[in-house]
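What the coordinates show
What follows is the residue order along each chain.
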Amino acid sequence: MDITNIKKILKDKKITYMRLSELSGVPLSTIKSVFCGKTKNPTIDTVNAIKRALGLDTDEQINGIAQNYITQEEEKIIKIYRALDEKRKNYFMTFAEGLKYQSSNKEIATPKGLAMTENK
């Protein structure tokens, strides 16, 4: 279902963005940003709140509103990553790739030996 279909549902049900905000609990500014295309990747919580408010199945992807869901945990990871200096970003990526490798091989990751020390 694309953005045009969602807008049609809103029109058919005579639901304004303001009312959608009230029904979904999503701030009006966020609703407007999502529907005008300013917000390209809203969080999965936002998308699901909009879908529930419109009576849509939350397991069905709404193409055009959220092509790539970003969970709150993923947002937190992005914020942490962006706050790091380049050296720590490289360490972070190496660690994440190691976790991905371990996960794909059904290994258990442990935090032992992960302490990073500064070379001064």
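Anything mentioned here points back to the structure above.
Given the structure is predicted, the values throughout are model-derived calculations rather than measurements. (Residues numbered from 1 in each chain as written. Predicted model: local features only at pLDDT ≥ 70, side-chain atom pairs only at ≥ 80, totals over all residues. Heavy atoms only, no water.)

On to the overall build of the protein, then. A count of helical and extended segments in the protein gives six helices and zero strands. Moving toward the C terminus, one meets the helices and strands of the protein in the order α-α-α-α-α-α. Within the protein, the fraction of its 120 residues that count as buried is 23%. As displayed, the protein offers around 8800 Å² of accessible surface, 53% of which is attributable to carbon and sulfur atoms. (Helix = DSSP H or I, 4+ residues; strand = E, 2+ residues; numbered from the N terminus. Buried < 20%, exposed > 50% of the residue type's maximum accessible area, 1.4 Å probe, protein only. Areas by Shrake-Rupley, 256 points an atom, 1.4 Å probe, with all protein chains shown as cover.)

A complete count under the given rule lists two aromatic pairs for this structure. On the numbers, 5.2 Å between centres and 25 degrees between planes, the contact of Y17 with F35 is stacked. Here the residue Y17 occupies a position in helix α2 (residues 17–24), and F35 occupies one in helix α3 (residues 28–36), the gap between them amounting to 18 residues. Taking relative accessible area as the criterion, Y17 reaches 29% and is therefore assigned partly exposed. (Phe/Tyr/Trp six-rings, centres within 6.5 Å; stacked < 30°, edge-to-face > 60°.)

This part is about a nonpolar patch on the surface. A contiguous nonpolar patch, built from Y91, F95 and L99 and spanning about 220 Å² of accessible area, is present on the exposed surface. You can see Y91 is positioned in helix α6 (residues 86–104). (Patch = residues over 30% accessible without salt bridge, like charges linked within 9 Å, V, L, I, M, F, W, Y side chains within 5 Å. Salt bridge = Lys/Arg side-chain N within 4 Å of Asp/Glu carboxyl O.)

Take it as geometry only, folks, not as evidence of what the structure does.
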